[in-house]
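Overview (structure and organization)
What follows is each chain in one-letter form.
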Amino acid sequence: MQNFSVLMSIYKNTKLSELRESLESIFAQSVRSDNVVIVFDGAVPAEVESYLDGLAEERPELDLVKCEQNRGLGPALATGMERCKNELVARMDSDDVCADGRFEAQLAAFEEHPECSVIGGNMSEFTDSPDNVCAVRNVPETHGEICEFMKKRCPFNHITVMLKKSDVLKAGGYEAWYCNEDYYLWVRMYLSGCKFYNVQKIFACARVDSMVERRGGKKYYESERDLFKFMYENNVITRKEYKKAKRVRFIAYRLLPNRIRRWAFKKFVRN
């Protein structure tokens, strides 16, 4: 099978126990990467840096990219993407866990769909242990379904995707966009003519934290409002769809209290 890279970013709030579990799930895959790139987005906890420095001595596939300043996820991933040595790049977060067989299934999907630039999968969410699943986010499968879904919500689970590096760079690469770096990238890749696919399997398990609370308030609303404005200006959505998206997000992110938003998020966004 084709070689591939894994791309991860860490920062000041990265927890050693979670990072260790995440990396162990990567190293335990049935098909292993020969290039795991971890970007330090500014200073990280001393115990995290010490652990990774020691691990890099044992594992030649580990490539640590240490950036002095914290610039945010988008710029950090842009730096890491340039450092990845393979055409295929799998994304992973330091506090989440890869499902067994993920990379093997993803590489097989690229063999079956060589025209695709991004292939993702479904994602479970857990508390305490990956076995303690509290929600699942299923995403649309085919290119047409993904492009239609994109008009309303993000069509990929970011931590599950494997991407073609050349097509990511052709679309401008990762850029800063508050809490929506990935969504912004998918839209630009769509505009550049890329093809998409989501395997209907769970590829990663995400740790539940204050996700719902973060997806509220003025700043998050403005981020999504401006993203939908970008889609409208580039003819991805109609004016009517843009106005509806603004209205729905204003209610959800600016007016609803966290308790109600948490209920709505679980009922309508997660399965």
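Attention in this report is confined to the structure presented alongside it. (Residues numbered from 1 in each chain as written. Predicted model: local features only at pLDDT ≥ 70, side-chain atom pairs only at ≥ 80, totals over all residues. Heavy atoms only, no water.)

**Some details on the overall build of the chain**
Counting its regular elements, the chain contains eleven helices and nine strands. Sorting the 271 residues of the chain into buried and exposed places 54% on the buried side. Taking the intrachain contacts of the chain between residues at least 6 apart in sequence as the baseline, contacts between residues at least 24 apart amount to 78%. Taken as a whole, the chain presents about 12,800 Å² of accessible surface, with 48% of it coming from carbon and sulfur. (Helix = DSSP H or I, 4+ residues; strand = E, 2+ residues; numbered from the N terminus. Buried < 20%, exposed > 50% of the residue type's maximum accessible area, 1.4 Å probe, protein only. Contact = heavy atoms within 4.5 Å. Areas by Shrake-Rupley, 256 points an atom, 1.4 Å probe, with all protein chains shown as cover.)

**Quick notes on unusual backbone geometry**
Glycine aside, residues mostly have negative phi, and peptide bonds are mostly found in the trans state. One non-glycine residue, Cys179, lies in the positive phi region at around 60 degrees. Note that Cys179 resides in the loop between α6 (165–170) and α7 (181–191). The phi dihedral of Asn235 falls on the positive side, at around 65 degrees, and the residue is not glycine. Take Asn235: it is sitting in the loop between α9 (217–233) and α10 (239–255). A relative accessible area of 70% places Asn235 in the exposed class.

**A word on the environment of Arg225**
For Arg225, the position within the fold is in helix α9. Distance in space between the C-alpha atoms of Arg225 and Ala245 is 7.5 Å, their sequence separation being 20 residues. Not counting residues up to four positions away in its chain, the partners in contact with Arg225 are Tyr242 and Lys246.

**With respect to a positive patch on the surface**
A contiguous patch of positive charge on the surface is contributed by Lys152, Lys240, Lys244 and Arg247. Tracing the backbone through its elements, the reader meets Lys244 in helix α10. (Patch = residues over 30% accessible without salt bridge, like charges linked within 9 Å, V, L, I, M, F, W, Y side chains within 5 Å. Salt bridge = Lys/Arg side-chain N within 4 Å of Asp/Glu carboxyl O. Lys, Arg positive; Asp, Glu negative; His and termini not counted. Charge placed at Lys NZ, Arg CZ, Asp CG, Glu CD.)

**Side note on the environment of Asn198**
Mapped onto the secondary structure, Asn198 falls in strand β9 (residues 195–207). Once the C-alpha coordinates of Asn198 and Ala109 are considered, the two residues, 89 residues apart in sequence, prove to be 9.0 Å apart. Filtering out sequence-adjacent residues up to four positions away, Asn198 remains in contact with Gly120, Gly121, Val139, Pro140, Glu141, Ile146, Pro155 and Phe156. At 3.0 Å, the side chain of Asn198 and the backbone oxygen of Pro155 are in polar contact. (Polar contact = N/O pair within 3.5 Å; in protein donor to acceptor, adjacent residues only side chain to side chain.)

**Focus: the environment of Leu62**
You can see Leu62 is positioned in strand β3 (residues 62–67). Residue class for Leu62 comes out buried when judged on its relative accessible area of 8%. Measuring from C-alpha to C-alpha, the distance between Leu62 and Val36 comes to 4.8 Å, with 26 residues separating the pair along the chain. Beyond its immediate stretch of four places on either side in the chain, Leu62 contacts Val36, Ile38, Leu52, Leu55 and Ala56.

**Here's the deal with the side chain of Lys164**
Mapped onto the secondary structure, Lys164 falls in strand β8 (residues 162–164). Asp167 provides the closest opposite charge to the buried, unpaired Lys164, separated from it by 5.0 Å. Polar contacts involving the side chain of Lys164 include one to the main-chain carbonyl oxygen of Cys116, which spans 3.1 Å.

**Re the packing of α7 against α9**
Orientation of α7 relative to α9, taken along the N-to-C sense of each, is 5 degrees, at an axis distance of 11 Å. Relative to α9, the element α7 is oriented roughly parallel. The residues of α9 that touch α7, namely those facing Tyr183, Tyr184, Val187, Arg188 and Leu191, are Leu227, Phe228, Phe230 and Met231. (Axes fitted to C-alpha atoms, helices over the stretch in contact; angles between N-to-C directions. Parallel < 35°, antiparallel > 145°, perpendicular 65-115°, else oblique.)

**Some points on the side chain of Glu18**
Note that Glu18 resides in helix α1 (residues 16–27). With relative accessibility at 15%, the residue Glu18 sits in the buried group. Setting aside chain neighbours within four positions, we find Glu18 in contact with Ser94, Asp95 and Arg207.

**Quick word on the nonpolar core**
Counting residues in each nonpolar core, the largest one holds 38 residues, and the members touching the most others are Leu7, Val118, Leu163, Tyr183, Trp186, Met189 and Phe196. When contributions to this core are tallied by element, the ones reaching two or more residues are β2 (35–41), β3, α3 (73–83), α5 (143–150), α7, α9 and α10. If you tally residues by element for this core, the top one is α7, at six residues. When near neighbours in sequence (up to four residues on either side) are disregarded, Phe196 contacts Cys116, Val118, Thr142, His143, Ile146, Cys147, Met150, Phe156, Trp186, Met189 and Tyr190. Judged by nonpolar contacts, the second largest core, of 35 residues, contains Leu64, Ala90, Phe103 and Phe110. (Core = buried A, V, L, I, M, F, W, Y, C linked by side-chain atoms within 4.5 Å.)

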